[in-house]
Amino acid sequence: MKTPSSCRVLRDYRPERMSSPLFQDVHVMIFIGFGFLMTFLKRYGFSSVGVNLLLAAFGLQWGLLTQGLWHLTDGKIKINIFKIINADFSTATVLISFGAVLGKTSPVQLLLMTVLEIAIFAINEHVVANVFKNGHENDGSVYHSDMFAMIGTVFLWMFWPSFNSAIAEPGYVQMTAVINTYLSLAACVLSAYAISSLVEHNGKLDMVRRRCLVGRWVHIQNATLAGGVAVGTCADMDIGPFGAMTIGFVAGIISTLGFKFLSPILASRLGIQDTCGVHNLHGMPGILGGLAGIVAVAMGKKKGQATMQAAALASSLGFALVGGVVTGFIMKLPFWAQPPDQNCFDDSLYWEVPEEEEEHEESLTAEHYKNKAEV
C-alpha cells in the first residue's frame, strides 16, 4: 500500500518536530537564564541583560555560518532545527566567557570575543565530532540584584535537562539524557547547600556576592548548576540513576569549595579576573564530566573507545587554553575601547541610567553610613 505524501512528511520530520520544544527551552536558557544570572552587580544590570541579548543575537548568526561551512550541501549552508540548536550551544560558550570578564570589557571587545570564540568552537566541534568520533567599588551586589540573579539560576536549573538532551537521538536516548541531567542537578543542589553551610560562618548559606581584596564568591547562585555541567558528557549514556546522582553530588562539592577557597587564591596570587566564577561552575565540573565520560565508555555504558573519549577531552582542553590565550591577547590591545578601571561595573558608561535611581542609591548609601556613625 502506498503511503500518502502527508504521512511521509510527518514521518520524515518527526525528529525535528520533537526537538522544537527543546529548542525553545535552550533559547530560554540563552536569553533569560544567562542574562539574569549576571544581574548581581549592583550598577551593571542593564549591561548584564542588554549586552547578553546583543551577544546572543550576533552569536546565533555567526554560529550558523561558521558551523555551516563544515557541512555544506551543494555549496550551500542548510539550516534546520538541529543547526539552530548547535548555534545556541556555540553562543552559550561566549556567554559563559562573558561572565568571566563581566564589567571589565567594552561591547566592542565582547563582540570581538564572540567572533573568535565561536570560530574556535566550530573548529573544535568538527575535530571532536569527526576525528574523534567513536577588587572594585562597584564589584559587589545588593539584595535586589542577587534576587534577580537567582531568577537566572532557577531558569537555568529548570531548563538544563533540555540543554543536555536537545541534540540527542530522539526517543529512549533523549529521555535518558533528560533523566540523568534531572537527577544530577537534584543531587548537586543537596551537596552545594550542605557544603555551603559547612564552610560558611555560623553554618549560614551563601547567596550574596561579596567584594573583598581577594575576590568574590557565591555558592547557591552557581554551584547548584554544576551537576548539569558535569553530567553533560555522559548524559545520554546508560549510567543509571546512581551514576548520574554521584556525578552531580561530586560536582556540587568541588564547585562550592572552588568558590570558597580557589577563587580568592586565583584573584590574590595570580590576578585572574573571574567575575562570575566561571572556573568553578564550568571549568572544574566540565573536566569532571569529561573524566566521567571516559570511565562510562570504558565500563561499556556506551559504544566506543575510552581512548577516543580521552582524546576528545584533551582536544577540547587544548582548544580552550590556546584559544583563550589568543582571544585574551587580542582583546587586551589598546584600541578596543576597554573601560577605565574607575568606570568598571557601571552601566552609565554605555547606557542611559535614570537619574532618580542613581540619586536614590546615593541617598541610601549616605543614610547607611550616617546611621552606622551614630551607632
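Structure: above.
Residues numbered from 1 in each chain as written. Predicted model: local features only at pLDDT ≥ 70, side-chain atom pairs only at ≥ 80, totals over all residues. Heavy atoms only, no water.

**Observations concerning the pattern of salt bridges**
All told, the structure shown has one salt bridge when counted by the stated rule. A salt bridge links K302 to D236; its shortest N-O distance comes to 3.1 Å. Note that K302 is positioned in the loop between α10 (278-298) and α11 (306-331) and D236 in the loop between α8 (226-230) and α9 (240-269), a separation of 66 residues in sequence. For K302, a relative accessible area of 37% translates into the label partly exposed. (Salt bridge = Lys/Arg side-chain N within 4 Å of Asp/Glu carboxyl O. Helix = DSSP H or I, 4+ residues; strand = E, 2+ residues; numbered from the N terminus. Buried < 20%, exposed > 50% of the residue type's maximum accessible area, 1.4 Å probe, protein only.)

**Topic: the side chain of Q67**
Assignment of secondary structure puts Q67 in helix α2 (residues 45-68). Beyond its immediate stretch of four places on either side in the chain, Q67 contacts N86, A87, S90, F121, A122 and E125. (Contact = heavy atoms within 4.5 Å.)

**Here we look at unusual backbone geometry**
Of note, the phi angle at D74 is positive, near 55°, even though the residue is not glycine. The phi dihedral of A337 falls on the positive side, at around 60°, and the residue is not glycine.

**A few points about the nonpolar core**
Within the largest apolar cluster, 57 residues are counted, with the highest numbers of intra-cluster contacts made by F98, L102, W160 and I239. Per-element accounting of this core gives the leading share, nine residues, to helix α3 (residues 81-100). Those residues within four positions of W160 in sequence are excluded, and the remaining contacts are M29, T181, L185, L225, G228, V229 and H282. (Core = buried A, V, L, I, M, F, W, Y, C linked by side-chain atoms within 4.5 Å.)

**Remarks on the packing of α3 against helix α4 (residues 107-131)**
Close contact between α3 and α4 brings their axes to 9 Å; oriented N to C, the two are set at 130°. Classified by the angle between their axes, α3 and α4 sit oblique to one another. With respect to the hand of their crossing, α3 and α4 are arranged in right-handed fashion. Across from N86, F89, S90, T91, T93, V94, S97 and F98 in α3, the residues of α4 making contact are L110, M113, T114, E117, I118, F121 and E125. Residues belonging to the contact of α3 with α4 are distributed by class as follows: seven nonpolar, six polar and two charged. (Axes fitted to C-alpha atoms, helices over the stretch in contact; angles between N-to-C directions. Parallel < 35°, antiparallel > 145°, perpendicular 65-115°, else oblique. Left-handed = near helix turned anticlockwise from the far one by under 90°. Nonpolar A, V, L, I, M, F, W, Y, C, P; charged D, E, K, R; others polar.)

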